[in-house]
Amino acid sequence: MTEDVRRLNSPGPISDAFLLSRAFIKVIIGPVGSAKTMTALRALVRVAKKQGGKRDARGVMWRTARVGVIRETYPNLEKNTLKSWFDLYPETLGKFTWKQPYTHKLTLILAEDEHGNATDVCQFEMEMRAIGDRSVEEVTRGWQVCAVMVDEADLQPSDLLSFLTGRVGRGGIDVDLMVDPQIILSLNAPYMDNWVYKLAIDKNLGEMDDELRDLLDGRELLEVFLQPGGREPDAENLHNLQKGYYQIQAAANKHKPDYVARMIDNKFVPMQHGQPVNPQFDYRDHVRELEWDPSRPLLVGFDQGLFAAAVASQRLAMGEFRTLREAVMMREDGKTLMKIGPTAAGQMVRTMIADNFPNLQPENLRIVGDPAAWSAADRADSEMDWVRAFQKGLGHRVRKAKSNRASLRNEAIWSCMSERGGYAVDPSCKHLIRGHLGGYHYRKADMPDGETRGHLEIADTIYTHVCDAEQYVALEGEHVISDIRGKPRRSAPIKLDSDFDVFS
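Residues numbered from 1 in each chain as written. Predicted model: local features only at pLDDT ≥ 70, side-chain atom pairs only at ≥ 80, totals over all residues. Heavy atoms only, no water.

Draft legend 1. Main features of the overall build of the protein. Tallying secondary structure elements over the protein gives 16 helices and 15 strands in all. As displayed, the protein offers around 25800 Å² of accessible surface, 49% of which is attributable to carbon and sulfur atoms. (Helix = DSSP H or I, 4+ residues; strand = E, 2+ residues; numbered from the N terminus. Areas by Shrake-Rupley, 256 points an atom, 1.4 Å probe, with all protein chains shown as cover.)

Draft legend 2. Molecular detail of the environment of P13. Secondary-structure assignment places P13 in helix α1 (residues 13-20). Through-space distance from the C-alpha of P13 to that of Q227 is 8.9 Å; in sequence the pair is 214 residues apart.

Draft legend 3. Fine view of the packing of helix α8 (residues 245-252) against helix α9 (residues 257-264). Here α8 crosses α9 at 160°, and the two axes come no closer than 9 Å. Taken together, the axes of α8 and α9 are roughly antiparallel relative to one another. Relative to α9, the crossing made by α8 is right-handed. Residues Y246, Q249 and A250 of α8 form the contact with α9, whose participating residues are Y259, V260 and I264. (Axes fitted to C-alpha atoms, helices over the stretch in contact; angles between N-to-C directions. Parallel < 35°, antiparallel > 145°, perpendicular 65-115°, else oblique. Left-handed = near helix turned anticlockwise from the far one by under 90°. Contact = heavy atoms within 4.5 Å.)

Draft legend 4. Summary view of empty space enclosed by the protein. A full pass over the atoms with the stated rule returns two cavities of 30 Å³ or more. In this structure, the largest cavity occupies an estimated 70 Å³ of space. As for the largest cavity, its lining consists of 13 residues, of which N266, K267, D282, Y283 and R284 are closest to the centre. A breakdown of the residues in the lining of the largest cavity according to their chemical character gives five nonpolar, three polar and five charged. Here the second largest cavity is characterised by a volume of approximately 30 Å³. Around the second largest cavity, the lining residues are L19, S21, K26, A43, R46, V47, K50 and Q182. With four residues, the single largest contributor to the lining of the second largest cavity is helix α2 (residues 36-50). Each residue belonging to the lining of the second largest cavity can be placed in one class, and the counts come to three nonpolar, two polar and three charged. (1 Å grid on protein atoms, 1.4 Å probe; cavity = no way out; pocket = protein on both sides within 12 Å on 5 of 7 lines; lining within 4 Å. Points joined across faces, edges and corners; volume = space filled by probe spheres on them. Nonpolar A, V, L, I, M, F, W, Y, C, P; charged D, E, K, R; others polar.)

Draft legend 5. Layout of the pairing of strand β3 (residues 61-71). Burial runs high along β3: eight of the 11 residues are buried. Sheet analysis places strand β2 (residues 53-55) next to β3, joined by three bridges and oriented antiparallel. When the sheet's bridge partners are listed, K54 is paired in β3 with W62. With antiparallel pairing between neighbouring strands as the criterion, β2 and β3 make up a hairpin whose turn holds five residues, including G59 at a positive phi of roughly 85°. (Buried < 20%, exposed > 50% of the residue type's maximum accessible area, 1.4 Å probe, protein only. Pairing = 2+ DSSP bridges.)

Draft legend 6. Representation of the packing of aromatic side chains in the model. Inspection of the entire model under this criterion finds 19 aromatic pairs. Plain terms: the ring middles of Y245 and Y246 are 4.9 Å apart, the flat faces sit at 85° to each other, and that makes the pair edge-to-face. Where F281 meets Y423, the ring centres are 6.5 Å apart and the plane angle is 75°; that geometry is what we call edge-to-face. Taken together, the residues F281 in the loop between α9 and α10 (283-286) and Y423 in strand β15 (residues 423-425) connect sequence positions 142 residues apart. No difference in accessibility class separates F281 from Y423, as the two residues are buried. Taken together, the ring pairs in this structure connect Y74, F86, F96, W98 and Y102 into an aromatic cluster. (Phe/Tyr/Trp six-rings, centres within 6.5 Å; stacked < 30°, edge-to-face > 60°.)

Draft legend 7. Structural detail: the pattern of salt bridges. Overall, the coordinates contain 20 salt bridges when judged by the stated rule. Two residues, E125 and R66, come together in a salt bridge whose shortest N-O distance is 3.7 Å. You can see E125 sitting in strand β6 (residues 118-130) and its partner R66 sitting in strand β3, a full 59 residues away along the chain. In this structure, the salt-bridge partner of D202 is R434, at a minimum N-O distance of 3.0 Å. Residue D202 is found in the loop between α6 (195-200) and α7 (210-215), and its partner R434 is found in helix α14 (residues 430-439); the two are separated by 232 residues along the sequence. Like D202, the residue R434 is buried in the burial classification. Residues joined in a network through salt bridges with shared partners are R22, K50, D180 and R219. (Salt bridge = Lys/Arg side-chain N within 4 Å of Asp/Glu carboxyl O.)

Draft legend 8. Seen up close, the nonpolar core. Counting residues in hydrophobic clusters, the biggest one holds 64 residues, and the most contacted among them are I183 and F268. The contacts of F268, once residues within four sequence positions are left out, are I29, A189, P190, M192, Y197, I201, L226, Y283 and L437. Counting 36 residues, the second largest nonpolar core, distinct from the first, contains L19, A65, M126 and M178. (Core = buried A, V, L, I, M, F, W, Y, C linked by side-chain atoms within 4.5 Å.)

Draft legend 9. Summary view of a negative patch on the surface. A cluster of like negative charges, contributed by E207, D209, E211, D214 and D217, occupies part of the molecular surface. The topology assignment puts D209 in the loop between α6 and α7. Given a relative accessible area of 39%, D209 falls into the partly exposed group. (Patch = residues over 30% accessible without salt bridge, like charges linked within 9 Å, V, L, I, M, F, W, Y side chains within 5 Å. Lys, Arg positive; Asp, Glu negative; His and termini not counted. Charge placed at Lys NZ, Arg CZ, Asp CG, Glu CD.)

Draft legend 10. Broad picture of the packing of α1 against α2. Contact geometry of α1 with α2 gives a least axis separation of 9 Å together with a crossing angle of 25°. One finds that α1 runs roughly parallel with respect to α2. In terms of crossing hand, the pair formed by α1 and α2 is right-handed. Counting all contacts with α1, which are made through S15, F18, L19 and L20, the residues of α2 involved are T39, A40, R42, A43 and R46.

Draft legend 11. Broad picture of unusual backbone geometry. Following Q100, the chain continues into P101 via a peptide bond in cis, with omega recorded as -5°. Counting through the fold element by element, P101 comes out in the loop between β4 (95-97) and β5 (102-112). One non-glycine residue, D180, adopts positive backbone phi at about 45°. Mapped onto the elements of the fold, D180 is located in the loop between α5 (160-164) and β8 (182-187).

Draft legend 12. Region of the structure containing α9. By the burial criterion, the buried members of α9 are V260, A261, R262, M263 and I264. Check the buried side of α9 and you find it contacts α8. The first or second residue beyond α9 is N266, which carries a positive phi of 55°.

Draft legend 13. Region of the structure containing the sheet that holds strand β14 (residues 399-400). One open sheet holds the six strands; their spatial order is β14-β13-β10-β11-β12-β15, and the pairing between them is mixed. Of all the strands in the sheet, the pair left with one neighbour each is β14 and β15. In the sheet, strand β10 (residues 298-303) pairs with strand β11 (residues 309-315) via five bridges, with the strands oriented antiparallel. Opposite D303, over in β11, you have A309 as the bridge partner. In the packing of helix α11 (residues 342-356) onto the sheet, contacts are made with β10, β11, β12 (321-328) and β13 (365-369), and the angle to β12 comes to roughly 130°.

What follows is the structure, encoded as structure tokens:
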């Protein structure tokens, strides 16, 4: 029994971490050419080699593992996934069957003694299936695998994951021998409306409680690995690509900004959008877990209206801006906002503050909003006066933001995002993050004659309110507006209250 030994160069640290992850569902997202498919296939084999086994009379350990790969069509499976698989294990090795679904049976030697005799053997079988025009239930029916890989996961039906969770961990072997069953997803950056974005970025899964953590034996339910963009200094797999691979693609596809963003720079974009208002935003650089600092003021910004929204932020000692939480009333479909009155909006923000910032001292809280909200003419009825009704539901005093000028508000965010470490947002602010990724954008810039408007208007979308709310609060802080306007910082004159003559 022999195995064709092939040495593979590591694409990079993100790929290595993905390969080693034990999470029940693990996702790798990266640009074209970053070795995602190859790494995911290697992860599939790694799960197979980890399965338990039994020793025969000669002391040889025998393991059995059955894994699966799924794609949208057999032609795409052949042109892409299968090509990468044959780079790992050639068709001539073991027994490959071209009858659909494709199967490849291999005998993998995991260990040998000093005489070259196998002491640890894995009887490995991989089955590749395509969905085609059938339902996911039909395609996955009867599958019993210890792991499954979904290649180009964003192109597959949204209910695929639901059916696969009931198919992994049933590899046709003794259940006591099953080790770390996995669902492995690989893909380019998906559109923000895609189901994989909601899974991997929004993380719309159940909460991990102690019981589930015990059942997973210390593993995570989900782990996501984002590779750097192809034009970033730490891009992965460059040593296996031709010189200028990404730069040439970007130049050739300049007329297709969505393609460049997703396939080359590994950035998430909406399905249809105009020019994003905050193009400096980068998910890998700006999204991370944040902690509230009780010693510093908590700044809450709100934007009024039927779809009111608010954010809670802080300025750090060196002026860095951090957005910790958001208050948005979304419908269950995740695509539309719920209409909300001012009193209910105030209660929503009050709950957000109470749930996330316990023991907050009143003097350490400042709440600001759109100055236009103070323009209500009817002050006899509190429900007709938005600010008073909002303040009543909130239970705290609210103030006008320092400005409503779009140029100042935008620059307050842009200046933070453009500085290294100057901006960060907590991943819990899902709606705000979607806005920064392009949901908050300008109206279509191209005019019928092909010209581009000189003054772009921001489109009124479901992301406008939460992004505006963040802008109002970003104006808070010492010297923020004067720095934006390029004015010198002025300090109060120092007065010496002493009898000592400094000139003596």
